[in-house]
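A structural walkthrough
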Amino acid sequence: MKKPLMAGNWKMNKTVSESVELIKILKNMVHYVTNVEILVCPAFTALYAVNNEIKGSNINLGSQNLFWELKGAFTGEISPTMIKDIGCSYAIIGHSERRQYFVETNEIVNRKTKAAFSTTITPIVCVGETLKERESNMTSKVIEKQIRESLFGLTLGQASSLVIAYEPVWAIGTGKTASPDQAQQIHHFIRKIYEQMYSKDVAYEVRILYGGSVSPDNISDLMKKPDIDGGLVGGASLEAESFIKLIRFFE
Ligand code: PEP
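If you're wondering where the values come from, they're calculated on a predicted model, not measured in any experiment. (Residues numbered from 1 in each chain as written. Predicted model: local features only at pLDDT ≥ 70, side-chain atom pairs only at ≥ 80, totals over all residues. Heavy atoms only, no water.)

Some points on the nonpolar core
Judged by nonpolar contacts, the single largest core of 63 residues is most densely connected at Ile164, Ile190 and Tyr194. Sequence-distant contacts of isoleucine 164, that is, excluding residues within four places in its chain, are made with Val125, Val127, Ile147, Leu151, Ile190, Tyr194, Val206, Arg207, Ile208 and Leu209. (Core = buried A, V, L, I, M, F, W, Y, C linked by side-chain atoms within 4.5 Å. Buried < 20%, exposed > 50% of the residue type's maximum accessible area, 1.4 Å probe, protein only. Contact = heavy atoms within 4.5 Å.)

Here's the deal with the layout of surface pockets
A volume near 370 Å³ is recorded for the largest pocket. In terms of lining, the largest pocket is formed by 13 residues, of which the most central are Lys11, Met12, Gln64, Arg98 and Phe102. Ranked by residue count, the leading element in the lining of the largest pocket is helix α4 (residues 96–101), at three residues. (1 Å grid on protein atoms, 1.4 Å probe; cavity = no way out; pocket = protein on both sides within 12 Å on 5 of 7 lines; lining within 4 Å. Points joined across faces, edges and corners; volume = space filled by probe spheres on them. Helix = DSSP H or I, 4+ residues; strand = E, 2+ residues; numbered from the N terminus.)

Some details on the packing of helix α1 (residues 16–29) against helix α2 (residues 44–54)
In contact at an axis separation of 9 Å, α1 and α2 are set at 30° when each is read in the N-to-C sense. Here α2 runs roughly parallel to α1, going by the angle between their axes. Relative to α2, the crossing made by α1 is right-handed. Mapping the contact onto sequence places Val16, Ser19, Val20, Ile23, Lys24 and Lys27 in α1 and Thr45, Ala46, Ala49, Val50, Glu53 and Ile54 in α2. Taken together, the residues of the contact of α1 with α2 sort by class into seven nonpolar, two polar and three charged. (Axes fitted to C-alpha atoms, helices over the stretch in contact; angles between N-to-C directions. Parallel < 35°, antiparallel > 145°, perpendicular 65-115°, else oblique. Left-handed = near helix turned anticlockwise from the far one by under 90°. Nonpolar A, V, L, I, M, F, W, Y, C, P; charged D, E, K, R; others polar.)

A closer look at the pairing of strand β1 (residues 5–9)
Regular strands place their side chains on alternate faces of the sheet. Within β1, five of the five residues are buried, which leaves it mostly tucked inside the rest of the structure. A two-sided burial pattern is seen for β1, the buried positions comprising Leu5, Ala7 and Asn9 on one face and Met6 and Gly8 on the other. As paired elements, β1 and strand β2 (residues 37–41) share five bridges and run parallel to each other. The partner of methionine 6 across the bridge, within β2, is isoleucine 38. After leaving β1, the chain enters α1 and then returns to the sheet as β2, a path that is right-handed. Of the strand pairs in this sheet, β1 and strand β8 (residues 230–233) are connected by four bridges, and their pairing is parallel. The residue bridging alanine 7 from the neighbouring strand is leucine 232, located in β8. (Pairing = 2+ DSSP bridges. Right-handed = clockwise from strand over helix to strand, strands pointing away.)

Brief notes about unusual backbone geometry
If you check the backbone angles, lysine 11 has positive phi at about 50° while not being a glycine. The topology assignment puts lysine 11 in the loop between β1 and α1. Among the residues examined, lysine 11 registers a relative accessible area of 19% and is labelled buried. The backbone of serine 213 shows a phi angle near 55°, a positive value even though the residue is not glycine. Residue position: serine 213 is located in the loop between β7 (207–211) and α11 (219–223).

Remarks on helix α9 (residues 180–197)
In this model α9 runs 26 Å from its N-terminal to its C-terminal C-alpha over 18 residues, within 8% of the 26 Å that 1.5 Å per residue would give. Regarding α9, the residues found buried are Ala183, Gln184, Ile186, His187, Ile190, Arg191, Ile193 and Tyr194. (Expected span 1.5 Å × (residues − 1).)

Some details on the environment of lysine 84
Tracing the sequence through the fold places lysine 84 in helix α3 (residues 80–85). A C-alpha to C-alpha distance of 29 Å links lysine 84 and valine 169, two positions 85 residues apart in sequence. Excluding its chain neighbours within four sequence positions, the residues that come into contact with lysine 84 are Thr119, Thr120 and Ile121.

In structure tokens:
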């Protein structure tokens, strides 16, 4: 049985002390939770301190990005080896903000995904359409291209163990959530692409998270859908109270 995943993307928020303050509360309030895997993705600068706080707990650590080379002359970049060394087991790759502001293409996402696997970091590969693409009926086409190109050349084992996050760009940080039916439709579509690329089993096994203004108010309706395996949460993961509610939903 797949365990759902509730992942908090803290984006470019919180100093080290603010991050430590949040994780301490979180750790105490969700220590008994076993039905959902919990993940926090703080800023790079807070990873070390947050990792010290969560050692031995049921909270996992992830980065919000990584570079595709393991070391070398790439000023300002952070390698998968460094991410692993600091305690991360996951990395978010190809978030729409990186695709939009840092021109990350599917090819770059593919290189980063493979680099993550080379250091046994589990990639959370993000896909999603813009409002313009949705309004011009391009959603399926865009998602299929993102999946096929971002995951190009992966083994069956890699394809089943990675995590996909479907995040419609128009729903991120806007307070507009895709309706549970809209989300389910795309999650199901992603599994169909997976069946073609890999197999029925792999399509069933891969965890597909929904992201885009997930909150304690909409988690229950979203999680009723059969193809939604958890959430990638921005805004609501920055406050202990709302993230704890999201995690406790699964208990
Ligand atoms: C995100 O950061 O991936 C996200 C979905 O943000 P929000 O929950 O704030 O929409």
